[in-house]
Amino acid sequence: MRTGKLEIFTIMLLYLVQLVLGIQQFEDQQNDYLTTHISGGMSQSELREQWEHQMLADPATGELPAGIRQKELNHLANMPKEATGLRGGNPWVAAGPRNIGGRGRALAYDLSNPKVLIAGTSSGGVFRSTDEGKSWKKVTTQDQNLSISSLAQNPEPGKQHIWYMGTGEARGGSQGGISGSAAYGGNGVYRSDDSAKTWTALPALINSSPQLVDSTDLIWRLVVSGDPATRGVYFASQSAIYRSTNEGQSWTKVLGGPIATGRSVDLAVAANGVLYATFDNNDLTVRGIFRSADGVTWTNITPSGFPGTYQRLIIAPDPSRPDVVYFLGNTPGSGQRGYNFQGGSEDHSLYKYTYLSGTGAGAGGKWDNRSQNLPVGPNRFDDYISQGSYCIDIAVSPHDTDVVIIGGTNLYISTDAFKSDQNTSYAGGYGETTDLPDFQTYPNHHPDLQKIIYSPSDSKTCLTFSDGGIHLTRDLYQSSVVWESLNNYLLATQFYTLAISPDSGSKWMMGGTQDNGTLLSTNGDIHVDWTMPWSYDGAGCAFSNVEPFLYASKQLDGIVKVYVNSKGERISWNRIDPVGGSGYLFINPLLLDPTDNKIMYLPAGNRLWVNDDVTVFDTLKDPDPKTTNWRVGVGSGISGTLTAIDASVSPAHVVYLGTSGKNIYRVEDANGMSPTLTNVTNNINAAGYVADVSVDPRDADKVIVVYSNYNTYSVFYTENGGQLWQNISGNLEGQTPPGVPPNLGHINDGPSCRSAQIVPVEDGTLYLVGTSIGLFASLELDSMQTEWVQVSPDVIGNQVVVDIKHRMSDGFTAIATHGAGAFYTTLKTIGDLTGLEERNVAEEAQLKVFPNPAQSHFEVSITGVETTDGQFVLSDLNGRIIEQIPTSEGPETRQKARFNCSTLPSGLYLVTFFTPETKISKRIKVQ
């Protein structure tokens, strides 16, 4: 069902768009991001998606490359990997948190064994439990797709060992949800034939042309019908419903538009095999509510008077009465209005549908509008809210037809199916009477409900999957429902940031996480629970080496100074961010000066705030921002929103800043009253969002910067404080598609790079880069010839590595992932990572360049290569090709070329010899 006919056209169209729009237009949009979006009244989930989209979008188009997740995984398969198993290097250890689960939308009981649960996480793969959630085992492999959106089991007797999972989360998938598959885009459907213990991607849905828009890369829902009339496997993508009648070997579109135009689609199968589907009204060709009794012919049964505007519509058939179906949706301008904790409003509608006759349309179905009975409470957090349909679900009990549970930011249980508003109880999410700034959650539960299921064998047992993982109640009829956490080694926490203690020998680490606050580990032991010193979405954080306090921040704004005990439990806190601070990112960095932890640097918009002594703040639970010691250190001269920061050790107080619009700045005397700001972007041939800056602690002039957008060069290095940069992206950049000119080599299938760390060791330097397909290391930086080797493919795998921290005193090194928690190791020598030194391309070949330096011309020669099928390429350090010369005729043992460099600007260049089997490079200096 895939085709590559438009490949060349698509690529050349992208090239033309780049020429017409230009990268500068995108950078201007990035610079205006905060003023045009943050103030626009969007929900928290939408703000997060906008921020992630800003980090990832192609700078030339402002959109995410179609199918990029599958393309970067294909690229990963061909990259060199560190040795695994019995290797000489130090192992990477999973640190958890084992008690804090990440977000997930897929959860199901095994029909053949009620003790078995299968869970699909949004960015951590599939987990299986054989003891009803007391423990979990990850059953997908490290190289499989991690974004699981739906699970379904074949219900037919004799076939219940067959499971299916849909991949690619279309809403909230940490992928810049505006326009399609990126970091957690899917690759179709996987099947298991052994009761969800192992999984295999179905070949018919593997994207053979991932550069094209593909309607199966993001799957909303997957169901299996065992009824003879509709028997088959079905899934709902962005635009269509697909069916397979041969267990996934082939698929046919049975309902939907020609392209991926829809945003939200849902699908359900009733107990009698009848199928229901919903398409939001953003779809240009198919919209509304549909019913099918044969899986092929669909009837639009949307009633007259239904809200004219509707987003995601969730379907819940009544298992006991197959002709009864509930529909819950976000319906702006219609239905019950609720208010979120920020005062913003949302409208939702709830309808009960009863099939009567015929196709079910018109008089063939009865509709009961129960929207007015959706919960609206007197407190700040207790209205029904779905955050623009980000977190929304509804489920009818198979044991009691009157028990209907709905989930949004909170969980509500109705014992009369919302026929009235008198029999509804508040049962989870936020604390019902909680308030800002230090809000609390419902006891042992979590907000943002994504999935609700009932036990098939116990009428009182219900489970939820939220942004905080999985929770279970054993009596949903209690007046105050009691929950227990099932996040027992469900290792799927989504980190944004990481900090490690500055104390040698310590394994204290903490990080900001998606909707799970700032989490803290006091010993790195995966079996010991992490604590939550501060809630919200966790952002920048830091340990201090001059006082026993932590610093943590939340999304958008707000920094707290936190006092914890030896177990990591919070004792007290105080808000300390500056009065007048504005323009914060959704996840905003902060930094304590590494040579003086009294000094805090805070990027905010296009200004750098400095606090000369944060130790003066106490921890007396004051919720207001402060003025003490805060001043704007750099208030002008910065173009773009500040996105990344790092500071030097030797010499001290040199700060480097990255922005949303490509620029790199160096600030001398950053702690002083008259800091010097210099734009050192210079020859960097990249565009977009600077995700990280890493300064060598031994030399303030040595710096790595990382650009996170797709289709831009990613990693650059300087040895002279930014006067001249090398593009060290090397093999992290993937293959350029056919038809793209050589000067557009940044258009490729490589990953999004997120983080970097220069790691001094006893016998040299290790360089680490975190990407959307794992952690990579190199021993030698050699411009575009730098070879990056995947680190720990067996433990870290293809997880998104968002942050890296290293402590020189003892080599303690930790990483944070967005989907599998944190990991750590010790890096004190080069040998602590294996598979690096032995990788020497074409050792027998020798490339000679003479004269070097050169003024007017130079010659190159290659020896030890037994082929004439090669070429010499002259390029700059950013990878831009200047001239190509095929190998000369003559003996195979010696081949030459002559380059004219008289018109080239002075500087360093790269000469590379290529054959199908060999690639070897040398640098040359032109004077």
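Cut-off values and rules
Residues numbered from 1 in each chain as written. Predicted model: local features only at pLDDT ≥ 70, side-chain atom pairs only at ≥ 80, totals over all residues. Heavy atoms only, no water. Pairing = 2+ DSSP bridges. Helix = DSSP H or I, 4+ residues; strand = E, 2+ residues; numbered from the N terminus. Salt bridge = Lys/Arg side-chain N within 4 Å of Asp/Glu carboxyl O. Buried < 20%, exposed > 50% of the residue type's maximum accessible area, 1.4 Å probe, protein only. Contact = heavy atoms within 4.5 Å. Phe/Tyr/Trp six-rings, centres within 6.5 Å; stacked < 30°, edge-to-face > 60°. Lys NZ or Arg CZ within 6 Å of the ring centre and 35° of its normal. Expected span 1.5 Å × (residues − 1).

Draft legend 1. Spotlight on the pairing of strand 38 (residues 570-575). By the bridge criterion, 5 bridges tie strand 37 (residues 559-564) to strand 38 in an arrangement that is antiparallel. Bridge pairing in strand 38 links Val560 to Arg575.

Draft legend 2. Structural view of the pattern of salt bridges. Taken as a whole and assessed by the stated rule, the structure comprises 27 salt bridges. Where Asp612 meets Arg631, a salt bridge forms, and the shortest distance between an N and an O atom there is 2.8 Å. Note that Asp612 is positioned in the loop between strand 41 (607-611) and strand 42 (630-634) and Arg631 in strand 42, a separation of 19 residues in sequence. Judged by its relative accessible area of 14%, Arg631 is buried. Among the charged side chains, a salt-bridge network with shared partners connects Arg103, Arg105 and Glu169.

Draft legend 3. Structural view of the side chain of His471. Structurally, His471 is set in strand 29 (residues 469-473). For His471, a relative accessible area of 4% puts it in the buried group. Sequence-distant contacts of His471, that is, excluding residues within four places in its chain, are made with Asn444, His445, His446, Cys462, Leu463, Thr464, Ser466, Trp483, Glu484, Ser485, Leu486 and Asn487.

Draft legend 4. Inspection of the packing of aromatic side chains at higher detail. The full count for this structure, using the stated rule, is 31 aromatic pairs. With a centroid separation of 5.6 Å and an interplanar angle of 35°, the aromatic rings of Phe327 and Trp367 are classed as tilted. Here Phe327, found in strand 19 (residues 324-330), pairs with Trp367, found in strand 22 (residues 365-369); they are 40 residues apart in sequence, far enough to count as distant. For Phe327, a relative accessible area of 1% puts it in the buried group. Three or more aromatic residues joined by ring pairs make a cluster, and in this case those are Tyr276, Phe306, Tyr310, Phe327, Tyr351, Tyr353 and Trp367. When the ring centre of Tyr489 is taken as reference, the NZ or CZ atom of Arg98 above it lies at 5.5 Å. Note that Arg291 overlies the ring of Tyr355, its terminal NZ or CZ placed 3.8 Å from the centroid.

Draft legend 5. Structural view of unusual backbone geometry. Along the chain, Gly96 connects to Pro97 via a cis peptide bond; the corresponding omega equals 10°. Relative to the helices and strands, Pro97 resides in the loop between strand 1 (93-96) and strand 2 (104-110). Ser650 connects to Pro651 through a cis peptide bond whose omega is -10°. Tracing the backbone through its elements, the reader meets Pro651 in the loop between strand 43 (642-647) and strand 44 (655-659). Phi angles above zero are rare outside glycine, and Ser389 is one such case at about 70°. Relative to the assigned elements, Ser389 resides in the loop between strand 22 and strand 23 (393-396).

Draft legend 6. Here's a closer look at the sheet that holds strand 32 (residues 509-512). As summarised here, the arrangement of the 4 strands in space is 31-32-33-34, forming an open sheet in which the pairing is antiparallel. Each having just a single partner strand, strand 31 (499-500) and strand 34 (531-534) make up the two edges of the open sheet. Sheet topology note: the strand 32/strand 33 (residues 518-521) ladder contains 4 bridges and is antiparallel. Each residue of the ladder has a partner; that of Gly511, found in strand 33, is Leu519.

Draft legend 7. Seen up close, helix 3 (residues 44-56). Look at helix 3: 19 Å from first C-alpha to last across 13 residues, which is about the 18 Å you get at 1.5 Å a residue. Counting buried residues along helix 3, 12 of its 13 residues qualify, which places the element largely inside the surrounding structure. Within helix 3, the full set of buried residues consists of Gln44, Ser45, Leu47, Arg48, Glu49, Gln50, Trp51, Glu52, His53, Gln54, Met55 and Leu56.

Draft legend 8. View of helix 4 (residues 68-77). Of all 10 residues in helix 4, 8 are buried; the element is thus mostly enclosed. Against the buried residues of helix 4 lie strand 53 (774-778) and strand 54 (789-791).

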